[in-house]
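Fold and contact review
Chain residues, written in single-letter form:
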Amino acid sequence: MTKTYPVEKIIKALNLGMTDIGENRVQELIEKMDALGESAKYHMIGHLQTNKVKYIVDRIDLIHSLDRISLAKEINKRANKSGRVIDALIQVNIAREESKFGIMEEEAFPFIEKILRMNNINIKGLMTMAPHTDDEKIVRKTFNGLLNLSEKIKEQNYSELSMDILSMGMTNDFEVAIEEGSNMIRVGTGIFGERNY
Ligand SMILES: *Cc1c(COP(=O)(O)O)cnc(C)c1O
């Protein structure tokens, strides 16, 4: 995850074999898209405001933070105009934290069913963030909860949906995330060093 890190640092990492970058603010994502062009794949990992979708829809590779029907409708509309189908992960607030975005687990099925009717969005899996705590049990339970939910969704055999991606784990908890089934970790400081905001 490359938020706050300068383009020069990112270019070095791309030259060393990194392929994908993630940003949590649209403004910064666009700056990096403009600077790096086709040399990277782009992930939107942060809260996405509906009115900003139009700025990224042509170039985004994966949106990790699909968490509202209003956002899905806007992505679908803009993607249709651009002749694209946008890959997205549904962000789920497994730990039910007030401070976090994401749908509640129990909303997952109706949410998915609405999005399945939108032709220009492809659901590729789920994303979550664990509570910021040293208590490994809580972290593990959160990641395990997302894994379980993805398995329940798979059992429905929805056509035109895949649960291939589980985006979970950051610098301080990615080991636990991988143990619980993550196949897409989002590591920033662990690669680029502490941020100086
Ligand atoms: C910043 C961020 C990360 C990476 O965090 P680090 O602790 O620097 O690894 C991962 N996911 C999201 C959604 C983020 O905003």
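Now for a look at the structure at hand. What you see is a predicted model, and the numbers here were worked out from it, not measured in a lab.

Criteria and cut-off values
Residues numbered from 1 in each chain as written. Predicted model: local features only at pLDDT ≥ 70, side-chain atom pairs only at ≥ 80, totals over all residues. Heavy atoms only, no water. Salt bridge = Lys/Arg side-chain N within 4 Å of Asp/Glu carboxyl O. Buried < 20%, exposed > 50% of the residue type's maximum accessible area, 1.4 Å probe, protein only. Helix = DSSP H or I, 4+ residues; strand = E, 2+ residues; numbered from the N terminus. Arc of directions from axis to C-beta. Contact = heavy atoms within 4.5 Å.

So, about the pattern of salt bridges. Within this structure, the stated rule accounts for 12 salt bridges. For E23, the salt bridge goes to K32, with nearest N and O atoms at 3.0 Å. Given a relative accessible area of 4%, K32 falls into the buried group. Residues R140 and E179 are paired through a salt bridge, measuring 2.7 Å at the closest nitrogen-oxygen approach. Residue R140 is located in helix α6 (residues 136-155), and its partner E179 is located in helix α7 (residues 174-179); the two are separated by 39 residues in the primary sequence. Owing to a relative accessible area of 25%, R140 belongs among the partly exposed residues under this scheme.

A few words on helix α5 (residues 108-116). Considered for burial, the residues of α5 that qualify are A108, F111, I112 and I115. In an axial view of α5, the angular spread of the buried residues amounts to 95°, which keeps them on one side of the axis. In the core, the buried residues of α5 are packed alongside β3 (62-66), α4 (69-82), β4 (86-91), β5 (121-127) and α6.

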